[in-house]
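Structural overview
These are the residues of each chain, in order.
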Amino acid sequence: MTDTTAGQAPAPASAPAPAQAADPARERLRRWRLVLGGDQADGTGCALSGRDAAMDGALAALYGKGDKASAGRDRSAGLGASAPSVARWLGDIRDYFPSSVVQVMQRDAIDRLGLASLLLEPEMLQAVEPDVHLVGTLLSLHKAMPETTRETARAVVRKVVGELERRLATRTRATLTGALDRSARVRRPRHHDIDWNRTIAANLKHYLPEYRTVVPERLIGYGRAARSVKKEVVLCIDQSGSMAASVVYASVFGAVLASMRSISTRLVVFDTAVVDLTDQLDDPVDVLFGTQLGGGTDINRALAYCQERITRPAETVVVLISDLYEGGIRDEMLKRVAAMKASGVQFVALLALSDEGAPAYDREHAAALAALGAPAFACTPDLFPEVMAAALEKRPLPIPDPA
């Protein structure tokens, strides 16, 4: 269970089944009854009791139709705007459903029932299941938070960020360290640093047919990344409201990149204004609370800021993370991208950096970037290290096939 559409309850497939539901046919009816909600037309004829009835009540509070007279079993939305009742409901669903389903239901509760304002209360924040989407909601609300809530909100955000760092940091550092080593080609490599594919290709004219072998007169190998800065990375992140999850992941990756001595990392967020958060990269939580989700979008202005700060174009990777809905000057934006690429900058355009599928985006702008040799695509956090490694080595990007 990973997602649900508005108005449709997530199937309680992982919920514990009662002992009497050992019969497969009865178990199917039970699950359909929980999904359909017990309206007269649901057709199951299955009555619920005990834990199943309580689970159905938790689903009804969020996904109930609310447009029928109560008939004992009919669902009706019932969370209201009471913080105590919502906190109890949050506790109930954590008891009845696995964490992945709880996160979906929380997200739906915030979207469908307008519960975002209740997240300004510390008691509510202590009851929720932290995830990336909750962090995005908190970031959009943090300017309105009372002082009593801010520390609790930071604790929630820090927990999610810590889990993401543990999941992503080691693999990212290992992948990019290898890419930095391979990007430094040398002509007199040590034996274990020889790039045999390139060496053979460069020495094919020295093939000896009688021995059926190539005599390599010139060796090509990998260097080893020095402790000094080898590459520069600029993360340019759209902080409009639709990019919340991307902002969270990009901030975590920014902190990981900044911890690598061989990479100089700059992190810039933008809407219609541009904010440079590079000096806060040692703590991604500070970075996230330095953003302001929402507002318009001026990609051209953000890229102009980034372009002015590039000192070594041939050793620089610029990563634009945006849905490309440009509110600024479109033609200037494209000219700027073309100029950066012509100077040697590796330019990567990500429509999203999140676990979700393909986002809504401006297809015309994406096609224009592709024509410049900068294809725009959505990227999962697990793929991002490979994308960055390819950009650092100046080889084709591992663009996922559109589903």
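Only a predicted model underlies this, so the values are computations on that prediction, with no experimental measurement involved.

So, on to the pattern of salt bridges. Scanning all chains against the criterion turns up 16 salt bridges. With a closest N to O distance of 2.7 Å, Arg31 and Glu27 form a salt bridge. Here Glu27 and Arg31 lie together in helix α1 (residues 24-36), a separation of 4 residues that amounts to about one turn. Exposure remark for Arg31: the relative accessible area of 32% places this residue in the partly exposed category. The salt bridge involving Arg30 is made with Asp52; its shortest N-O contact spans 2.9 Å. Of this pair, Arg30 sits in helix α1 while Asp52 sits in helix α2 (residues 50-63), and the two are 22 residues apart along the sequence. Arg30 gets classed as buried once you look at its relative accessible area, which sits at 3%. Taken together, the salt bridges that share partners define one network made up of Glu27, Arg30, Arg31 and Asp52.

Glancing now at the nonpolar core. If you look at soluble globular proteins, the nonpolar side chains tend to sit buried side by side. Within the largest apolar cluster, 82 residues are counted, with the highest numbers of intra-cluster contacts made by Trp89, Phe97, Met105, Leu119, Leu138, Val319 and Phe384. Phe384 has contacts with Leu235, Phe253, Val319, Leu350, Leu353 and Cys379, leaving out every residue within four places of it along the chain. Membership of the second largest hydrophobic core comes to 26 residues, among which are Cys236, Val268, Tyr305 and Val318.

If you walk across this open sheet you meet the 6 strands as β7-β6-β5-β8-β9-β10, and the pairing is mixed. Where the open sheet ends on each side, the last strands, each with one partner, are β7 (274-276) and β10 (376-379). Recorded for the sheet is a direction-independent mean angle of 25 degrees between the axes of neighbouring strands.

Now for the packing of aromatic side chains. Applying the stated criterion across every chain yields a total of 2 aromatic pairs. Ring geometry for Tyr96 and Phe97: centres 6.5 Å apart, planes at 85 degrees, overall edge-to-face. Look at Phe97 and you get buried, because its relative accessible area is 5%. When the ring of Phe253 is compared with that of Phe384, the centres are 4.5 Å apart and the planes differ by 40 degrees; the resulting orientation is tilted. Pair noted here: Phe253 is in helix α9 (residues 244-258) and Phe384 is in helix α14 (residues 384-393), with a separation of 131 residues, a long-range link.

With respect to the element layout, Gln106 can be found in helix α4 (residues 99-113). Within the structure, Gln106 has its side chain in polar contact with the backbone nitrogen of Glu129 (distance 2.5 Å). Each residue touching Gln106, except ones within four places of it in the same chain, is listed here: Leu90, Ile93, Val128 and Glu129.

Our focus in this paragraph is the pairing of strand β5 (residues 231-238). Most of β5 is tucked away: 8 of the 8 residues are buried. Taking every second residue as pointing to the same face, both faces of β5 are buried, with Lys231, Val233, Leu235 and Ile237 on one and Glu232, Val234, Cys236 and Asp238 on the other. The sheet contact formed by β5 and strand β6 (residues 263-270) spans 8 bridges and is parallel. For Leu235, the partnering residue across the bridge sits in β6 and is Leu267. Pairing of β5 with strand β8 (residues 316-321), which is carried by 6 bridges, proceeds in the parallel orientation. Bridging from a neighbouring strand, Leu235 pairs with Val319 of β8.

With that settled, consider the packing of α2 against α4. Following both chains from N to C, one finds α2 and α4 inclined at 35 degrees, their axes separated by 9 Å at the closest point. Only Met105, Asp108, Ala109, Arg112 and Leu113 of α4 make contact with α2, whose side of the interface consists of Ala58, Leu59, Ala61, Leu62 and Tyr63. Classifying every residue of the contact of α2 with α4 gives 8 nonpolar, no polar and 2 charged.

With that settled, consider the confidence of the model for the protein. A residue-level look at the protein finds 81% of positions with pLDDT of 70 or above and a mean pLDDT of 80. β8 holds the highest mean pLDDT among the elements of the protein, 97, whereas strand β1 (residues 185-186) holds the lowest, 53. For the stretch residues 1-6, pLDDT sits under 50, and the model shows 13 contacts to residues farther than four places along the chain or on other chains. Overall, residues 66-77 carries pLDDT values under 50, and its contacts beyond four positions in sequence, including any with other chains, amount to 33 contacts.

Glancing now at empty space enclosed by the protein. A complete count under the given rule lists 1 cavity of 30 Å³ or more for this structure. For the largest cavity, the calculated volume is near 70 Å³. Every residue lining the largest cavity is counted, 11 residues in all, and those nearest its centre are Leu90, Gln106, Ala109, Ile110 and Val128. Split into classes, the residues belonging to the lining of the largest cavity amount to 10 nonpolar, 1 polar and no charged.

What follows concerns the environment of Thr170. Counting through the fold element by element, Thr170 comes out in helix α7 (residues 147-183). Judged by its relative accessible area of 61%, Thr170 falls in the exposed class. In the structure, Thr170 is positioned 86 residues away from Val256 in sequence and 8.9 Å away in space, judged by C-alpha atoms.

What counts and how
- Residues numbered from 1 in each chain as written.
- Predicted model: local features only at pLDDT ≥ 70, side-chain atom pairs only at ≥ 80, totals over all residues.
- Heavy atoms only, no water.
- Salt bridge = Lys/Arg side-chain N within 4 Å of Asp/Glu carboxyl O.
- Helix = DSSP H or I, 4+ residues; strand = E, 2+ residues; numbered from the N terminus.
- Buried < 20%, exposed > 50% of the residue type's maximum accessible area, 1.4 Å probe, protein only.
- Core = buried A, V, L, I, M, F, W, Y, C linked by side-chain atoms within 4.5 Å.
- Contact = heavy atoms within 4.5 Å.
- Pairing = 2+ DSSP bridges.
- Axes fitted to C-alpha atoms, helices over the stretch in contact; angles between N-to-C directions.
- Phe/Tyr/Trp six-rings, centres within 6.5 Å; stacked < 30°, edge-to-face > 60°.
- Polar contact = N/O pair within 3.5 Å; in protein donor to acceptor, adjacent residues only side chain to side chain.
- Nonpolar A, V, L, I, M, F, W, Y, C, P; charged D, E, K, R; others polar.
- pLDDT = per-residue confidence, 0-100.
- 1 Å grid on protein atoms, 1.4 Å probe; cavity = no way out; pocket = protein on both sides within 12 Å on 5 of 7 lines; lining within 4 Å.
- Points joined across faces, edges and corners; volume = space filled by probe spheres on them.

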